[in-house]
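Listed here are the chains, written in short residue letters.
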Amino acid sequence: MWRRVASLSPMVSSSSTRSLSRYQAAFGLSVGESFSTEISKQEEGSGLRPKEKAPFITFVLGGPGSGKGTQCEKIVETFGLTHLSAGDLLRREIAMHTKNGDMILNLIKDGKIVPSEVTVKLLQKELESSNSSKFLIDGFPRTEENRVAFERIVGADPDVVLFFDCPEEEMVTRVLNRNQGRVDDNITTMKKRLKIFEALNRPVIDYYKNKGKLYTINAVGTVDDIFKQVLPIFTPFEEQLKQSRRVNPKSPLVENSS
Ligand SMILES: Nc1ncnc2c1ncn2[C@@H]1O[C@H](COP(=O)(O)OP(=O)(O)O)[C@@H](O)[C@H]1O
Ligand SMILES: O=c1ccn([C@@H]2O[C@H](COP(=O)(O)OP(=O)(O)O)[C@@H](O)[C@H]2O)c(=O)[nH]1
Ligand SMILES: [Mg+2]
């Protein structure tokens, strides 16, 4: 199991005491050969730290209704990644009436972003308790603050960032027809969410574009047509993803095990 070694506050503490060895503990060194991201002393900037390996992480970005959740289902079916939807985790807090439930509900109703500390803690818990080493994190990071908090607290960078690029009118139509009984699927909240997406999520998209990690997908078309654009993005990672199937006994794709 991971041990949480980074403080949640301040979010951008540059403490160099954080060790990534918790990944090895969490996922088991026996599967280390399937990990790709090496965080070196140089990248971290300070402190002596041996090279250690992190899990394979994909962030899935896009405006509300751009089809993130729909495409995640297909990616899971094909590649066996573990899907973590930040929105679903937050809605679960509401449904379970946890201490943050009411606060989360009010923010979601208003199309606003839940404090990073809350969302990152929920994601971290899922990452820590999973026996997978390959994750699809859907609908997160929503803001630069989210991104920095994840980096600092979880101590990992994404390997791949998908951005489902969709015109606003299309997103509005889809959301208003989503029919999942969501409190935020109405025109008033949707208008706010689109504004927040442009103001707060765009900088995150630009950040990953500059880092060369962003894959922009034209999110207009049939679900299958869009998935055809997604498939080749994962091709270079195929070997790592196969390894992941082997290490997860619960994966439906274990037929690759030898
Ligand atoms: N390519 C598509 N064309 C038309 N409708 C779609 C497409 N992809 C998803 N949808 C529908 O649009 C709505 C929003 O999709 P969803 O995957 O929930 O988006 P997001 O997670 O980005 O908000 C859902 O009702 C879904 O069935
Ligand atoms: O990291 C996140 C993810 C979601 N949300 C909140 O949850 C809502 C729904 O998010 P979800 O990803 O489920 O919506 P989608 O984009 O899929 O329609 C958002 O508008 C935010 O209010 C948040 O605050 N932080
Ligand atoms: Mg979604």
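What counts as what
Residues numbered from 1 in each chain as written. Chains lettered and ligands numbered in written order. Predicted model: local features only at pLDDT ≥ 70, side-chain atom pairs only at ≥ 80, totals over all residues. Heavy atoms only, no water. UniProt positions renumbered as here; feature names shortened; annotations may be inferred. Buried < 20%, exposed > 50% of the residue type's maximum accessible area, 1.4 Å probe, protein only. Helix = DSSP H or I, 4+ residues; strand = E, 2+ residues; numbered from the N terminus. Pairing = 2+ DSSP bridges. Near = heavy atom within 4 Å. Polar contact = N/O pair within 3.5 Å; in protein donor to acceptor, adjacent residues only side chain to side chain. Areas by Shrake-Rupley, 256 points an atom, 1.4 Å probe, with all protein chains shown as cover. 1 Å grid on protein atoms, 1.4 Å probe; cavity = no way out; pocket = protein on both sides within 12 Å on 5 of 7 lines; lining within 4 Å. Sits in = over half its atoms within 2 Å of the grid points. Nonpolar A, V, L, I, M, F, W, Y, C, P; charged D, E, K, R; others polar. Salt bridge = Lys/Arg side-chain N within 4 Å of Asp/Glu carboxyl O. Contact = heavy atoms within 4.5 Å.

- Within an unreviewed UniProt entry, the label attached to the protein reads UMP-CMP kinase, and the organism entered is Eruca vesicaria subsp. sativa.
- The UniProt entry for the protein carries this comment under Subunit (unreviewed entry): "Monomer."

Brief notes about the pairing of strand β6 (residues 160-165)
Link 1 in the chain: With 5 of its 6 residues buried, β6 lies for the most part within the structure.
Link 2 in the chain: Across 5 bridges, the pairing between strand β3 (residues 56-62) and β6 is parallel. Pairing of Leu61 across the sheet is with Phe163, part of β6.
Link 3 in the chain: Examined bridge by bridge, β6 and strand β7 (residues 214-218) share 5 bridges and lie parallel to one another.

Regarding the site of ligand 1
Link 1 in the chain: Around ligand 1, a shell composed of 14 residues is seen, among which Gly65, Lys68, Thr70, Arg178 and Gly221 lie nearest.
Link 2 in the chain: In this structure, Gly67 approaches ligand 1 through a main-chain N or O atom, which is 3.0 Å from an oxygen atom.
Link 3 in the chain: Backbone polar atom of Gly221 to a nitrogen atom of ligand 1: 2.8 Å apart, as the coordinates give it.
Link 4 in the chain: For ligand 1, the accessible surface in isolation is 560 Å², of which the surrounding protein chains cover 76%.
Link 5 in the chain: When atoms are counted within 2 Å of each cavity's grid points, the one that captures over half of ligand 1 is the largest pocket.
Link 6 in the chain: In terms of residue count, helix α3 (residues 68-79) provides more of the shell around ligand 1 than any other element does, 3 residues in total.
Link 7 in the chain: Counted by class, the shell around ligand 1 contains 3 nonpolar, 8 polar and 3 charged residues.

Quick word on the site of ligand 2
Link 1 in the chain: In the region of ligand 2, 20 residues are neighbours, and Lys68, Arg91, Lys112, Val114 and Arg142 sit closest.
Link 2 in the chain: A distance of 2.7 Å is found between an oxygen atom of ligand 2 and a side-chain nitrogen or oxygen belonging to Lys68.
Link 3 in the chain: One nitrogen or oxygen atom from the main chain of Lys112 is found 2.6 Å from an oxygen atom belonging to ligand 2.
Link 4 in the chain: Burial of ligand 2 by the surrounding chains reaches 96%, relative to a free accessible area of 520 Å².
Link 5 in the chain: Its atoms largely coinciding with the cavity grid, ligand 2 occupies the largest pocket.

A short note on the pattern of salt bridges
Link 1 in the chain: Under the defined criterion, the tally for this structure stands at 15 salt bridges.
Link 2 in the chain: Between Arg193 and Asp184 there is a salt bridge, with the nearest N and O atoms lying 3.5 Å from each other.
Link 3 in the chain: Accessibility expressed as a relative area gives 10% for Arg193, which makes it buried.
Link 4 in the chain: Residue Asp184 is classed as buried on the basis of its relative accessible area, which comes to 4%.
Link 5 in the chain: Residues Arg202 and Glu198 are paired through a salt bridge, measuring 3.0 Å at the closest nitrogen-oxygen approach. You can see Arg202 and its partner Glu198 sitting in helix α9 (residues 187-210), 4 residues apart, about one turn around the helix.
Link 6 in the chain: Taking relative accessible area as the criterion, Arg202 reaches 25% and is therefore assigned partly exposed.
Link 7 in the chain: Overlapping salt bridges bring together Arg178, Arg182, Asp184, Asp185 and Arg193 as one network.

Structural notes on the UniProt feature "binding site: a ribonucleoside 5'-phosphate" (unreviewed entry) in the protein
Link 1 in the chain: As annotated by UniProt and renumbered to match this structure, "binding site: a ribonucleoside 5'-phosphate" (unreviewed entry) occupies Arg91, Lys112, Ile113, Val114, Gly139, Phe140, Pro141, Arg142, Arg182 and Arg193. The annotated residues contributing to the lining of the largest pocket are Arg91, Lys112, Ile113, Val114, Gly139, Phe140, Pro141, Arg142, Arg182 and Arg193.
Link 2 in the chain: The residue Pro141 is located in the loop between β5 (134-138) and α7 (144-154) in this model.
Link 3 in the chain: Residue class for Pro141 comes out buried when judged on its relative accessible area of 0%.
Link 4 in the chain: When sequence neighbours within four positions are dropped, the list of residues in contact with Pro141 reads Phe59, Leu61, Asn146, Arg147, Asn201, Val204 and Tyr208.
Link 5 in the chain: Its location among the elements puts Arg182 in the loop between α8 (168-176) and α9.
Link 6 in the chain: Every residue in contact with Arg182, bar those within four places of it in the chain, is listed here: Arg91 and Arg193.
Link 7 in the chain: Within polar-contact distance, the side chain of Arg182 engages the side chain of Asp184 at 3.0 Å.

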